[in-house]
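Structural characterization, general
What follows is the residue order along each chain.
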Amino acid sequence: MIILQANSIYKSYGSKLNKQEVLKAINLEIEQGEFVSIMGPSGSGKTTLLNVLSSIDHVSGGSIQIDGKEITRMKEKQLAEFRKHHLGFIFQEYNLLDTLTVKENILLPLSITKVSKQEADHRFLEVANELGITEVANKYPNEISGGQKQRTSAARAFIHQPSIIFADEPTGALDSKSASDLLNKLSQLNQKRNATIVMVTHDPAAASYSSRVIFIKDGQIYTQLNKGEQSRQAFFKDIMKTQGVLGGVQNEH
């Protein structure tokens, strides 16, 4: 089943006289339960693509459907309601509230829904166990490591069982061990819960945990790689080769 469909996505900034086209006629389909990485050189448009797909930013043209709903035509109030139920987010900088405990941070998305306290506690224990952060449940963000902060952020993204989770460079602020711990957990959650994950990353090691990698160049899809039955190590080598061909360094968008 297709969970996300983007048709002829355009995104530009500036006025007619000084217009910069960042995304140019991108077509994209993502199946339910896929773990997809988006890669590309700096300035390729990968972050902009994630932002428009996740409704953080608006498209200049084209349409995006998530779970059969056309999000590009929604008003802000409708979008806010849609995000609340259907979308989860994991950011590079964690975005945790320092005045709340780990548990309170994770439960935040449920505080604006009609989920009972008993069900909320059950979901918390389940996701905290899966991400290995039960023992820090009552600590505050300034009392835990970067890896634990990011796993808290991931737990918050999963707890309301969204249709799709968007991750923007989730390993960018982590050391290699914390990064691989997080990616292993995301991969397990992807398989166990049939959760759909779309992740922007510049790191081929991070991308090798996904089932498909989409490469963006100059605002267009350059190529795609499917992991298939090959090992993560073999997939990593394929990603490295393609990244080497892409190359190029420009300003980030």
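Scope of this entry: the structure provided in the associated data block. (Residues numbered from 1 in each chain as written. Predicted model: local features only at pLDDT ≥ 70, side-chain atom pairs only at ≥ 80, totals over all residues. Heavy atoms only, no water.)

Computed from the structure, the largest pocket encloses a volume of approximately 310 Å³. Residue lining of the largest pocket: 15 residues in total, with Leu87, Phe89, Pro109, Arg156 and His160 positioned closest to the centre. When residues of the lining of the largest pocket are traced back to their parent elements, those giving at least two are helix H2 (76–86), strand E6 (87–90), helix H3 (102–111) and helix H5 (146–158). In terms of residue class, the lining of the largest pocket is made up of 8 nonpolar, 4 polar and 3 charged. What the second largest pocket holds in volume is close to 170 Å³. Gln161, Pro162, Arg193, Asn194 and Ala195 are the residues nearest the centre of the second largest pocket, which is lined by 13 residues in total. By residue class, the composition of the lining of the second largest pocket is 6 nonpolar, 5 polar and 2 charged. (1 Å grid on protein atoms, 1.4 Å probe; cavity = no way out; pocket = protein on both sides within 12 Å on 5 of 7 lines; lining within 4 Å. Points joined across faces, edges and corners; volume = space filled by probe spheres on them. Helix = DSSP H or I, 4+ residues; strand = E, 2+ residues; numbered from the N terminus. Nonpolar A, V, L, I, M, F, W, Y, C, P; charged D, E, K, R; others polar.)

Another point: the sheet that holds strand E2 (residues 20–31). Pairing is antiparallel across the open sheet formed by 4 strands, whose spatial order is E2-E1-E4-E5. With one partner strand each, in any of the chains shown, E2 and strand E5 (69–70) form the two edges of the open sheet. Inspection of the sheet shows strand E1 (residues 2–13) paired to E2 by 8 bridges, in the antiparallel sense. When the sheet's bridge partners are listed, Leu4 is paired in E2 with Ile30. (Pairing = 2+ DSSP bridges.)

Between two aromatic rings, the relevant description is the distance of the centres plus the angle of the planes. This model, assessed by the stated rule, comprises 2 aromatic pairs. The interplanar angle of 5 degrees and the centroid separation of 5.8 Å between the aromatic rings of Phe89 and Phe91 together place this pair among those described as stacked. Here Phe89 falls in the buried class, since its relative accessible area comes to 18%. Given a relative accessible area of 27%, Phe91 falls into the partly exposed group. Taken together through their ring pairs, the aromatic side chains of Phe89, Phe91 and Phe166 make up a single cluster. Over the aromatic face of Tyr209 sits the side chain of Arg232, whose NZ or CZ is 4.0 Å from the ring centroid. (Phe/Tyr/Trp six-rings, centres within 6.5 Å; stacked < 30°, edge-to-face > 60°. Buried < 20%, exposed > 50% of the residue type's maximum accessible area, 1.4 Å probe, protein only. Lys NZ or Arg CZ within 6 Å of the ring centre and 35° of its normal.)

With that out of the way, let us pick up the nonpolar core. Ranked by size, the top nonpolar core spans 35 residues in total, and within it Ile106, Phe158 and Leu186 carry the most contacts. At the level of elements, H3, helix H4 (117–131), H5, strand E7 (164–168), helix H6 (176–193) and strand E8 (197–200) are the ones that each hand at least two residues to this core. Look past the residues within four positions of Ile106 in its chain and what remains in contact with it is Phe124, Val127, Ile133, Thr152, Ala155, Arg156 and Ile159. Among the nonpolar cores identified, the runner-up in size contains 29 residues, and Ala6, Leu28, Ile30 and Leu87 belong to it. (Core = buried A, V, L, I, M, F, W, Y, C linked by side-chain atoms within 4.5 Å. Contact = heavy atoms within 4.5 Å.)

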